[in-house]
Amino acid sequence: MRIIARIFGLLLLIGGLVATGLGLLCIIDPVGCKLADDGDPFGTPPSPLSSLLILLVYLGVSGVGAFLVWKSGRKPPASA
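Just so you know, the residues in each chain are numbered from 1, in the order the chain's sequence is written. Only residues with pLDDT of 70 or above have their local features reported here, since the model is predicted, and side-chain atom pairs are shown and tallied only from 80 upward, although totals for entire chains, interfaces and linings are computed over all residues. As a rule here, side-chain values come from all non-hydrogen atoms in the structure, and water together with hydrogens is ignored.

Trainee: Could you clarify how one ought to interpret the side chain of S62 in this entry?
Mentor: Each helix is a run of DSSP H or I of at least 4 residues and each strand a run of E of at least 2, with the numbering of both proceeding from the N terminus. With respect to the secondary-structure elements, S62 resides in helix 3 (residues 48–73). On the basis of relative accessible area, S62 is assigned to the buried category, the value being 5%. Contacts are assigned to residue pairs that have any heavy atoms within 4.5 Å of one another. Setting aside anything within four residues of it in sequence, one finds S62 in contact with L12, L13, G16, L17 and T20. The cut-offs for exposure are 20% and 50% of the maximum accessible area for each residue type, with area from a 1.4 Å probe on protein chains only; residues under the lower value are buried, those over the upper are exposed, and the others partly exposed.

Below is the structure:
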């Protein structure tokens, strides 16, 4: 069970970090971020608050992944 938790945690951590980078890019360049939207490339770019909330969600996903990796890597305390 530990190995599954560690693999899932690593996937969440890596995916969250990549998405965090993209979220930061959307905060820095909202027009470029909107141009990457194939459905509506010339629409209104996302608001800074919306981009910040999305960034916080991505950081939360990374945090959950880091917690799973940390928790699955710990050895249980030795009993006396």
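Resuming the write-up.
Trainee: Help me out: how do you make sense of the packing of aromatic side chains in this one?
Mentor: Think of a pair of aromatic rings as described by two things: how far the centres are apart, and how the planes are tilted against each other in angle. Ring pairs are drawn from Phe, Tyr and Trp, using the six-membered ring of Trp, whenever the two centres fall within 6.5 Å, and their geometry is named by plane angle: stacked under 30 degrees, edge-to-face over 60, tilted for the rest. Under the definition given, this model contains one aromatic pair. For the pair F67 and W70, a centre-to-centre distance of 6.1 Å together with 45° between the ring planes defines the contact as tilted. Of the two residues, F67 and W70 are both situated in helix 3; the distance of three residues between them amounts to about one turn of the helix. With a relative accessible area of 45%, F67 lands in the partly exposed category.

What is shown is where atoms sit, not what they do.
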